[in-house]
Structures are given as structure tokens and as C-alpha cells.
Amino acid sequence: MSTAKKSRTLYPHPFSKAYWQDAVAELKDVRILVVTAMMIALRVAMKGLSITIAPNLYINTAFLANALGAMIFGPVVASLAAVVSDFLGFLIFPQGGAVYFPPYVFVEVAGSVIFALLLYRAKLSATRVILSRFCICLFVNILLQAPITLWYYKVVLGKSYMMFQIPHIIKNLAMFPIESWLLTFVLSILAPLTYRLGLTYDPGPANGSLKFTKKQIAVLVLLLCVGIASTVGYLFYYYENTSLSASYKGNERYEHNMEMNGLVLELAETDDSMTEDNTVTIVESAYRKFGKGYITYHVAVYAVDTEALAADDSKKLDTLRAYSKSPAAKEETMTRIATAELVVSNSGELLSYTYTPEG
């Protein structure tokens, strides 16, 4: 498709059939495909280029190329470009001993699509740029990336991972104003150039639309407050309703069960018949309240039929101690005798203890 035959329409929003027809039509424009290849190469190259703001706080400049490309070729081509750049970026800039985990591509695609929905064939303004970066910081970098990282740790590394890492959240929220200003500044320079080249259809910042005014600063502050409030609210909900034990795997579950077993045997008022050789304690849930320095463990205490266990060659006592809630409840060689609640500080100190015998 030649540039002369292409529509030059600007849309106030992407919720129209014509918008998506134009976005799909970019796949037929050879010049756009060449630009896409160049933007993919630039995006991949910039993955290894960061601007350090402070210790452990830096800007990965690849998002600038991502935004520029999405503004030029729209959400359809941007999605395909994100898939390619994600794979090439991992090949060229692998992180330590990490392996390629395909679900992470959804993070790349989501970021590209958000930039495109707000910047492609739109009347550019600093508010649109700020909003695009806000949506990516909150919805992509925090909310979408967290469960994928949790999945990666479980499937690939076989480790537990706290779904929402506070330092990661703080970093994204702290970088949002800086990255918004930087992106606005870069686009204020490049948008007129892309317009003159016939790649975009808004002349850009000639009317001052890409300058930070008091209005844009107010929008920036408001969105930052919204991001902080939304994140804190969700963190309270998440920690109140998500058990840490759901992410325990293998040796980690065994270690937590053994830790609780030792505490129960030490503190419960039991008869001398309960020993480490015939008692198994299973962590059924473990909740870490947001902002609190302790974890509340709910555990089930089982008595083991040692004779029945010895007769079963497929199981040993350590096998039972690595069980989670459901397998333990179904185990024929174990009988539940009590439920215990233990509140343990982050430093390992026992803060409170409740032991309730069954029946």
C-alpha cells in the first residue's frame, strides 16, 4: 500500500472500526514494515542501555523505542514487534543463568499495545504520554508482571516467590514521573520528524501540546497518588487473602512443616507418646499481613501409625512431612489429632501460640 493511498485520519480514541482497519492496513505498507524492523533493532539494542538515577534505580531506555514505534505503526504491528523484540532481546542480553520463559512476552505485548492505543493516530499531548506511561507502570509492570514472575519461579526455578515485591512496586511508582517527563521530551523532538517523513499524521508539539504545564504536573501528581492508593489497597487485599503456603514447593514445604513440627512438640501440652518419630505437622495456610512483621501459620497436627507406615515400602516419615494440606488429609497412615495457630515474627520469634485438640 502506498503512503498516498493511506488514510491520514486522527482518532480521539481507539474504539472505532476505522481505527482498527487503519492499524491492520499497516501490515501491507512496505515502508512501515521496514521502519518496524529498524525499531525492533533499536529496541533490542536499547535493552542493554540504562540510565542510572540512584543505586538500584535506573531507566531502561528500551521503552522510548517501544513508544516511538507504537506511535508510528499502531497496536497490530506493535504486538508482532513486541514478540520478536522479546525473543531477540533475551538471546542478545540474557540475564545470568535465566532461561527463556515465553509468558513474559505478554508483558512486552501489553506495554506496546498500551502505547499504541494512546499514541497511534492521535493528537499528541503530554497528558496522553503521561497516561500511557502510568498504565504501563501500574497495569503491566506491577499487576501483570507479578503473576507471571510467580509462575516463572514455580515452573522454572522450583522456588517460592512473593507475588508482589515491595521494592519492585516502589521502583515503578518512583520512576513513573521521571519516565513520563523523559518520554514527553523525546517525543517532542521526534514527533515533528516522523510527521515530516509521513510516518505519523499529527504535526506534533508545534502548539506546545508536548510541554509540561501546571495542568500536566497536576495530572502527573494525581495519577501517582492513584497508583499508590491502588497498589496499597490491592496489597492489603492480596496479603489478607493469599496464603504463602500455596507457593511452597518440595524442600521448602518440608522445611516449613518441620519448623512447625518442632514448635508444636515443644509447646503443646501433650503426653509423652508424641515424639518426632510419630508426629507430623502440616502447614495448611500462612498469611503475612501487609505492613506487619509477622506470619500467622495454621497447621494440622497428625499422629502417625508407625506400624502401617513401616509396612508401606513406598513411603517414609520424611515423605509425609513434605505433604501439603490435601494429601495429608487423605493419608491413611496419619490421624489428625489437633489444630495449632502460631504467629511468628520475621526474625523467627514466636509471638503467640494456640493449640486445639480434635474432638
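Conventions and cut-offs
Residues numbered from 1 in each chain as written. Predicted model: local features only at pLDDT ≥ 70, side-chain atom pairs only at ≥ 80, totals over all residues. Heavy atoms only, no water. Helix = DSSP H or I, 4+ residues; strand = E, 2+ residues; numbered from the N terminus. Rg over C-alpha atoms; globule rule 2.2 N^0.38 Å. Buried < 20%, exposed > 50% of the residue type's maximum accessible area, 1.4 Å probe, protein only. Contact = heavy atoms within 4.5 Å. Areas by Shrake-Rupley, 256 points an atom, 1.4 Å probe, with all protein chains shown as cover. Salt bridge = Lys/Arg side-chain N within 4 Å of Asp/Glu carboxyl O. Axes fitted to C-alpha atoms, helices over the stretch in contact; angles between N-to-C directions. Parallel < 35°, antiparallel > 145°, perpendicular 65-115°, else oblique. Left-handed = near helix turned anticlockwise from the far one by under 90°. Nonpolar A, V, L, I, M, F, W, Y, C, P; charged D, E, K, R; others polar. pLDDT = per-residue confidence, 0-100. Expected span 1.5 Å × (residues − 1). Phe/Tyr/Trp six-rings, centres within 6.5 Å; stacked < 30°, edge-to-face > 60°.

A. The arrangement of the overall build of the protein chain in detail. Within the protein chain, the regular secondary structure consists of 11 helices and six strands. Relative to its length of 359 residues, the protein chain is extended, with a C-alpha radius of gyration of 27 Å against a globular reference of 21 Å. Its C-alpha atoms put the protein chain at 90 × 45 × 40 Å along the principal axes. Out of the 359 residues belonging to the protein chain, those deemed buried represent 44%. For the protein chain, the share of sequence-separated contacts (at least 6 apart) that also reach a separation of at least 24 residues comes to 69%. Carbon together with sulfur atoms contributes 62% to the accessible area of the protein chain, which is approximately 18100 Å² in total.

B. Focus on the pattern of salt bridges. The full count for this structure, using the stated rule, is 10 salt bridges. Put simply, R43 and E108 hold a salt bridge, and the shortest N to O gap is 2.6 Å. Of this pair, R43 sits in helix α2 (residues 30-46) while E108 sits in helix α4 (residues 105-119), and the two are 65 residues apart along the sequence. Side by side, R43 and E108 carry an identical accessibility label, which is buried. The structure contains a network of salt bridges with shared partners spanning R43, K47 and E108.

C. Representation of the packing of helix α3 (residues 62-92) against helix α6 (residues 166-196) in the model. At a minimum axis distance of 10 Å, the contact between α3 and α6 shows a crossing angle of 45°. On the basis of their axis angle, the class for α3 and α6 is oblique. Once α3 is placed against α6, the crossing between them reads as right-handed. Along the contact surface, α3 presents F63, L64, A67, L68, M71 and I72, while α6 presents E179, L182, L183, V186, L187, L190 and T194. Across the contact of α3 with α6, the residue classes break down as 11 nonpolar, one polar and one charged.

D. Up close: the confidence of the model for the protein chain. Across the protein chain, pLDDT averages 87, with 93% of residues at or above 70. Across the protein chain, the secondary-structure element scoring lowest on mean pLDDT is strand β1 (residues 50-54), at 77, and the one scoring highest is α4, at 96.

E. Quick look at α4. Taking 1.5 Å per residue, 15 residues should reach 21 Å; α4 reaches 21 Å between its end C-alpha atoms and fits that length. Within the sequence span of α4, burial applies to V105, V107, E108, V109, G111, S112, I114, F115, A116, L118 and L119. Buried-residue contacts for α4 involve α1 (17-25), α2, α3, α5 (126-157) and α6. Positive phi shows up at R121, right after α4, with a value of about 50°.

F. Molecular detail of the packing of aromatic side chains. Enumeration over the complete set of coordinates arrives at 13 aromatic pairs. Ring geometry for Y19 against W20: centres 5.4 Å apart, planes inclined by 75°, an arrangement best described as edge-to-face. On the basis of relative accessible area, Y19 is assigned to the buried category, the value being 1%. By relative accessible area, which is 36% here, W20 ends up partly exposed. Put simply, the rings of Y11, Y19, W20 and Y120 pair up and form one aromatic cluster.

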